[in-house]
2 protein chains.
Amino acid sequence: MAALDLFGRRWSLRILWELRAGPLGFRPLQKRCDDMSSSVMRQRLTELLDARVIHQLPDSRYELTPLGQEARHALNPLARWAEHWAATIDPHLADRTDDRSAGGAPHADTVGEGSPEGKP
Amino acid sequence: MAALDLFGRRWSLRILWELRAGPLGFRPLQKRCDDMSSSVMRQRLTELLDARVIHQLPDSRYELTPLGQEARHALNPLARWAEHWAATIDPHLADRTDDRSAGGAPHADTVGEGSPEGKP
DNA sequence: TCCTTCGCTTCGATTACCGAAGCGGTCGTC
DNA sequence: GACGACCGCTTCGGTAATCGAAGCGAAGGA
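Residues numbered from 1 in each chain as written. Chains lettered and ligands numbered in written order. Predicted model: local features only at pLDDT ≥ 70, side-chain atom pairs only at ≥ 80, totals over all residues. Heavy atoms only, no water.

Peer 1: Give me the lowdown on the protein's contact with DNA strand C, citing residues and values where you can.
Peer 2: Surveying the vicinity of DNA strand C reveals 19 residues, the closest of which are Ser37 and Arg44 of chain A together with Phe26, Arg27 and Tyr62 of chain B. Near the protein, within 4 Å, the atoms of DNA strand C are sugar or phosphate in 49% of cases. In this structure, a phosphate oxygen belonging to DNA strand C sits 2.5 Å away from a main-chain N or O atom of Phe26 of chain B. Contact distances for DNA strand C include 2.4 Å between a phosphate oxygen and a backbone N or O atom of Arg27 of chain B. Where the surface near DNA strand C is concerned, the elements lending two or more residues are helix H4 (38-50) of chain A together with helix H3 (26-32) and helix H4 (38-50) of chain B. For the surface near DNA strand C, the element with the highest residue contribution is H4 of chain A, accounting for four residues. (Near = heavy atom within 4 Å. Polar contact = N/O pair within 3.5 Å; in protein donor to acceptor, adjacent residues only side chain to side chain. Helix = DSSP H or I, 4+ residues; strand = E, 2+ residues; numbered from the N terminus.)

Structure follows, in structure tokens:
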């Protein structure tokens, strides 16, 4: 349950995901994460460090711990589902021209685009 | 990637997880989610509805769609990892008094919740 | 009728998040 | 040695997300 809280925070899953290929420094990692805020990034990093999911190399790069590797692998089915999901709902989105119901199509329809709703 | 945005929001993973056993009404679901805010819950529900992950029964209860079921199954390895993770870091927590953030299960309480992951 | 529960909404007050700027440090180049 | 160009990381003001409590109309049970 605590894991749902840890990973329920913004960018934490993404950070875990972006470290899958190997260790990354602060700024390279930041760039990979859609240029997320450095302050939030530091927050997530300390949280993940504290959770023993990542650790810091002598050259100060971040790397998945064995525990983190397992988490990343555990994330694989979800990633696979995401593809299936995107393939399923994207056609729907392309179809809807007159549909404004359901509170207005919040979620991002494309990769990396995160401007759900709440347009003041 | 868009999935990381959808599930990166607070409570969305939790809602998905709590619906695993079957359909639930608004308030029962709310109670199961650590009594989360009803306003945010409505937000998440519409997002998940819009994402075709859940749908509403004639009696207005919420249920996972087939797509949602797959997502829930894709979440299983992560849940299994969470147990392993909790077992690994909980002993560490006994030592530290500075348990800010992740490791200490901020408000989602501890993992020991009767039968954590086993089938109820 | 009274009382409870339901799905759901509204609203003020925290909190999380963003974005840009900045600091001290290392490295390569002139 | 002075100059950039990066680096890890921090601080800060503004904006968006989240909370918590209250409330509404409807559907039941006693």
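Still to come is the rest of the account.
Peer 1: Could you give an account of the pattern of salt bridges, with specific residues and numbers?
Peer 2: Counting across every chain of the model gives 14 salt bridges over all chains. Here Glu47 of chain B makes a salt bridge to Arg44 of chain B, at a shortest N to O gap of 3.0 Å. Within this pair, Glu47 of chain B and its partner Arg44 of chain B are both found in helix H4, separated by three residues, close to a single helical turn. Residue Glu47 of chain B is classed as buried on the basis of its relative accessible area, which comes to 3%. When salt bridges with common partners are traced through the structure, they connect Asp5, Arg9, Arg44 and Glu47 of chain A into a single cluster. (Salt bridge = Lys/Arg side-chain N within 4 Å of Asp/Glu carboxyl O. Buried < 20%, exposed > 50% of the residue type's maximum accessible area, 1.4 Å probe, protein only.)

Peer 1: How would you sum up the confidence of the model for chain A? Please name residues and give values.
Peer 2: Residue and element names in this part refer to chain A. Per-residue confidence for chain A averages 79 on the pLDDT scale, and 74% of its residues sit at or above 70. Considering each helix and strand of chain A separately, the mean pLDDT is smallest for helix H6 (residues 76-95), with a value of 81, and largest for strand E2 (residues 62-64), with 97. Contacts of residues 95-120 to residues separated by more than four positions or lying in other chains number 30 contacts, the stretch itself having pLDDT below 50. (pLDDT = per-residue confidence, 0-100. Contact = heavy atoms within 4.5 Å.)

Peer 1: Give a detailed account of the protein's contact with DNA strand D, specifying residues and quantitative values.
Peer 2: In the vicinity of DNA strand D lie 21 residues, with Phe26, Arg27 and Tyr62 of chain A together with Ser37 and Arg44 of chain B positioned nearest. Protein-proximal atoms of DNA strand D, defined as those within 4 Å of the protein, fall in sugar or phosphate at a share of 53%. Interatomic distance of 2.7 Å between a side-chain N/O atom of Arg42 of chain A and a phosphate oxygen of DNA strand D. Note that a base nitrogen of DNA strand D is positioned 3.4 Å from one of the side-chain N or O atoms of Ser38 of chain B. Looking at the surface near DNA strand D, the elements with two or more residues in it are helix H3 (26-32) and H4 of chain A together with H4 of chain B. Counting residues per element, the surface near DNA strand D draws most heavily on H4 of chain B, which supplies four residues.

Peer 1: Would you mind going over H4 of chain B in detail, with residue names and values included?
Peer 2: All names here are of chain B. Helix length check: H4 (13 residues) gives 18 Å between terminal C-alpha atoms against 18 Å at 1.5 Å per residue, within 8%. Residues of H4 that are buried include every one of Met41, Arg44, Leu45, Thr46, Glu47, Leu48 and Asp50, and no others. Where H4 is buried, its residues touch helix H1 (2-7), helix H2 (12-18), H3, strand E1 (54-56) and strand E2 (62-64). Of the residues one or two after H4, Arg52 is the one with positive phi, at around 60°. (Expected span 1.5 Å × (residues − 1).)

Peer 1: For helix H5 (residues 66-74) of chain B, give the residues involved together with the corresponding values.
Peer 2: Of all the residues in H5 of chain B, the buried ones are Leu67, Gly68, Ala71, Arg72 and Ala74 of chain B. For H5 of chain B, the arc enclosing every buried residue in end-on projection is 160°, short of the 170-degree limit, so these residues lie on one face. (Arc of directions from axis to C-beta.)

Peer 1: If you had to explain the packing of aromatic side chains to someone new, which residues and values would you point to?
Peer 2: Scanning all chains against the criterion turns up four aromatic pairs over all chains. Ring geometry for Trp81 of chain A versus Trp85 of chain A: centroids 5.6 Å apart, planes at 15°, classification stacked. Separated by four residues within a single helix, Trp81 of chain A and Trp85 of chain A lie in helix H6, roughly one turn from each other. A relative accessible area of 4% places Trp81 of chain A in the buried class. One aromatic cluster is present, built from ring pairs that chain together Phe7 of chain A together with Trp81 and Trp85 of chain B. (Phe/Tyr/Trp six-rings, centres within 6.5 Å; stacked < 30°, edge-to-face > 60°.)

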